Amino acid sequence: MTSKISFTKMVMQNVKERGAWLLVTFLVLLMTLPVQIMMRLDNVAALGLKPKEMEKQAADVFLNTTGFDNVFLLFFVVIAAFCLGMTGYHYLYSREKTDFYHSLPLKRERIFFVPYVSGILIFAVPYLINLLLALLAGAVKGTFPAHAVSLALGAFLTHMVFFLVFYHVAILAVTLTGNLFTGAMAYAAFLSYGFIIKEVFISMSERFFQTVVPTMLYGGSFSFMRISFHGGG
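A brief look at the structure comes next. What you are looking at is a predicted structure, and each value in this text was computed from that prediction instead of being measured.

1. With respect to the overall build of the chain
Per the secondary structure count, the chain includes ten helices and two strands. Written out in order from the N terminus, the α and β elements of the chain read α-α-α-α-α-α-α-α-α-α-β-β. When burial is assessed residue by residue, the chain has 35% of its 233 residues classed as buried. For the chain, restricting intrachain contacts to residue pairs at least 6 apart in sequence, the fraction spanning at least 24 positions comes to 74%. Accessible surface, the chain: about 14,200 Å² in total, of which carbon and sulfur atoms supply 70%.

2. Things to note about the packing of aromatic side chains
Inspection of the entire model under this criterion finds eleven aromatic pairs. Taken together, a centroid distance of 5.8 Å and an interplanar angle of 70° make the contact between F123 and Y127 edge-to-face. With a gap of four residues between them, F123 and Y127 both fall in helix α7 (residues 108-140), about one helical turn apart. For the pair shown, F123 and Y127 are each scored as buried. In textbook terms, an aromatic cluster arises when at least three aromatic residues are bridged by ring pairs, as seen for F76, Y89, F112, F113, Y116, F123, Y127, F156, F163 and Y167.

3. A few points about a nonpolar patch on the surface
Taken together, the side chains of V125, I129, L133, L136 and V140 present a nonpolar region at the surface, about 430 Å² in accessible area. Position of L133 relative to the elements: it lies in helix α7.

4. Details of helix α9 (residues 180-208)
Compared with the 42 Å implied by 1.5 Å per residue over 29 residues, the 41 Å span of α9 between its first and last C-alpha is a close match. Maximal helix bending in α9 amounts to about 40°, located at S192. Burial in α9 covers these residues: G183, A186, Y187, I202 and S205.

5. Some remarks on helix α3 (residues 34-45)
Every α-helix carries 3.6 residues per turn, so stepping three or four residues along brings you back to the same face. Between its terminal C-alpha atoms α3 stretches 16 Å, which fits the 16 Å expected from twelve residues at 1.5 Å a residue. Residues of α3 that are buried include every one of P34, I37, L41 and V44, and no others. All buried residues of α3 fall inside an arc of 85° around its axis, so they share one side. Of the exposed residues in α3, those oriented more than 90 degrees away from the buried face are M39 and N43.

6. Examining the nonpolar core
The biggest cluster of nonpolar side chains holds 51 residues, and the ones touching the most others in it are F123, Y127, M160, F163, Y167 and Y187. Elements supplying a minimum of two residues to this core: α1 (7-17), α3, α4 (51-66), α5 (71-88), α7, α8 (148-177) and α9. A total of 14 residues in this core trace back to one element, the largest contributor, which is α8.

7. What to know about the side chain of T65
Among the structural elements, T65 can be located in helix α4. Judged by relative accessible area, T65 falls into the buried class, the value being 1%. Not counting the four nearest positions on each side in its chain, T65 is found in contact with T32, L33, Q36, I37, R40 and N70.

The rules we used
Residues numbered from 1 in each chain as written. Predicted model: local features only at pLDDT ≥ 70, side-chain atom pairs only at ≥ 80, totals over all residues. Heavy atoms only, no water. Helix = DSSP H or I, 4+ residues; strand = E, 2+ residues; numbered from the N terminus. Buried < 20%, exposed > 50% of the residue type's maximum accessible area, 1.4 Å probe, protein only. Contact = heavy atoms within 4.5 Å. Areas by Shrake-Rupley, 256 points an atom, 1.4 Å probe, with all protein chains shown as cover. Phe/Tyr/Trp six-rings, centres within 6.5 Å; stacked < 30°, edge-to-face > 60°. Patch = residues over 30% accessible without salt bridge, like charges linked within 9 Å, V, L, I, M, F, W, Y side chains within 5 Å. Salt bridge = Lys/Arg side-chain N within 4 Å of Asp/Glu carboxyl O. Expected span 1.5 Å × (residues − 1). Bend = angle between axes of the 7 residues up to and from the residue. Arc of directions from axis to C-beta. Core = buried A, V, L, I, M, F, W, Y, C linked by side-chain atoms within 4.5 Å.

Laid out in structure tokens, this is it:
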């Protein structure tokens, strides 16, 4: 007989159990978005520029911090996806814990999706809250470009896509290996797979096709939502 506890309650309970990760995520994003915006805007104000120049500099700082140019935020997306994916299924590291979880009166889908959904919430909710705080900080400082909201939300959605990609790879690695160290190695192998295939394709083409030219292999580049992608082959 399966348990009648609602899925929502189980997810909230899992989030509480992983409260340390929720707190760390919130604090890192707090320092990355609203705190960084206020510090950088104060630095711009201390330069003593003319009003128009100061307004332009402040707008650039605001858009770069909340938009796609915040490199530290992008790195944190990748790290958070790896950590939340690996820790969400920590019971797989122990045979006893795995047997215990599988003995619970729960469907296998629910056992999987409870930590899956909670991991997404642990990242998405603090990110959204701190993004709103960053927008509020910019408004309080008198710096709020016309397209700030659309750019910030676009960056949020883009980073969420990146997070989900790396999050799924981390979950795949840990479910296939059942070990933290081996899972980390599998995670790195999965991420390098595309680069390996590309390099093999280029080297094989240069060796066996007499009519190949470098531009055919390496291609050009194109931009989508201010992110540059390089095409090859």
